[in-house]
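Okay, here's what each chain looks like letter by letter:
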Amino acid sequence: QLVESGGGLVQAGGSLRLSCTAPGRTFSTYSMGWFRQAPGKEREFVAGITWSGGITYYEDSVKDRFTISRDNAKNTVYLQMNSLKPEDTAVYYCAASPGRDYSRTYFSTRTSYAYWGQGTQVTVSS
């Protein structure tokens, strides 16, 4: 029910903007998150945003490089990724949570999210 786009191949230091939308369903009242999974690793939290956009959270390694935002009128969530590094290479997933817990622990926990996209590949070359 969630569709990610915007992934691709980029050189280290470059930028990409991922988008997540939900055709036929509105997620404007849901908290949203971005996760990523590299080969052989567990899926990890990257960033999260409350339904209003008033609170955001980031994983420490992406803080100051990535920005999560949303446009509820367009039913779309974005992840702007700057200064990309080879270690950012992964499949990136968008997720939606109907919950009203706004703690960082809640946002960073995979089981907090009820809906997931299929993922988009991001590859950063050195």
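Residues numbered from 1 in each chain as written. Predicted model: local features only at pLDDT ≥ 70, side-chain atom pairs only at ≥ 80, totals over all residues. Heavy atoms only, no water.

Caption draft 1: Just unusual backbone geometry, in detail. Here Asp64, not a glycine, exhibits a phi torsion of approximately 75°, which is positive. Mapping Asp64 onto the fold places it in the loop between strand E6 (56–58) and strand E7 (66–71). In this structure, Asn75 is a non-glycine residue whose phi angle is positive, near 55°. If you trace the backbone, Asn75 turns up in the loop between E7 and strand E8 (76–81). (Helix = DSSP H or I, 4+ residues; strand = E, 2+ residues; numbered from the N terminus.)

Caption draft 2: A look at the pattern of salt bridges. Summed over all chains, the structure comprises five salt bridges. Taking the shortest distance from any N to any O, the salt bridge between Asp88 and Arg65 comes out at 2.8 Å. Here Asp88, found in the loop between E8 and strand E9 (90–97), pairs with Arg65, found in the loop between E6 and E7; they are 23 residues apart in sequence, far enough to count as distant. The network of salt bridges with shared partners includes Arg36, Glu44, Arg65 and Asp88. (Salt bridge = Lys/Arg side-chain N within 4 Å of Asp/Glu carboxyl O.)

Caption draft 3: Molecular detail of empty space enclosed by the protein. Applying the stated criterion across every chain yields a total of one cavity of 30 Å³ or more. In this structure, the largest cavity is lined by Leu2, Cys20, Thr21, Ala22, Phe27, Ser28, Met32, Arg70, Asn72, Asn75, Thr76 and Val77. For the lining of the largest cavity, the secondary structure elements donating two or more residues are strand E3 (16–21) and E8. (1 Å grid on protein atoms, 1.4 Å probe; cavity = no way out; pocket = protein on both sides within 12 Å on 5 of 7 lines; lining within 4 Å. Points joined across faces, edges and corners; volume = space filled by probe spheres on them.)

Caption draft 4: Fine view of the state of the cysteines. Applying the stated criterion across every chain, the model contains one disulfide. Each disulfide pairs two cysteine sulfurs, and for Cys20 the partner residue is Cys94, the sulfurs being separated by 2.0 Å. Its torsion about the S-S bond being -75°, the disulfide of Cys20 and Cys94 is classed as left-handed. Taken together, the positions of Cys20 in strand E3 and Cys94 in strand E9 put the pair 74 residues apart, joining distant regions of the chain. The class for Cys94 is buried, based on a relative accessible area of 0%. (Disulfide = S-S within 2.5 Å. Buried < 20%, exposed > 50% of the residue type's maximum accessible area, 1.4 Å probe, protein only.)

Caption draft 5: Structural context of the sheet that holds E3. Within the open sheet, the four strands sit side by side as E1-E3-E8-E7. Their pairing is antiparallel. What marks the edges here is a single partner per strand, and that holds for strand E1 (3–5) and E7. Ignoring which end each strand starts from, the neighbouring axes of this sheet average 15° apart. In this sheet, E8 lies alongside E7 in antiparallel orientation, the contact comprising six bridges. Note on E8: the bridge partner recorded for Phe66 is Met81. (Pairing = 2+ DSSP bridges. Axes fitted to C-alpha atoms, helices over the stretch in contact; angles between N-to-C directions.)

Caption draft 6: Structural view of the side chain of Arg36. Within the secondary structure, Arg36 sits in strand E4 (residues 31–37). At a separation of 3.4 Å, a polar atom in the side chain of Arg36 contacts the side chain of Ser61. Here the side chain of Arg36 touches Asp88 through a polar contact of 2.9 Å, side chain to side chain. (Polar contact = N/O pair within 3.5 Å; in protein donor to acceptor, adjacent residues only side chain to side chain.)

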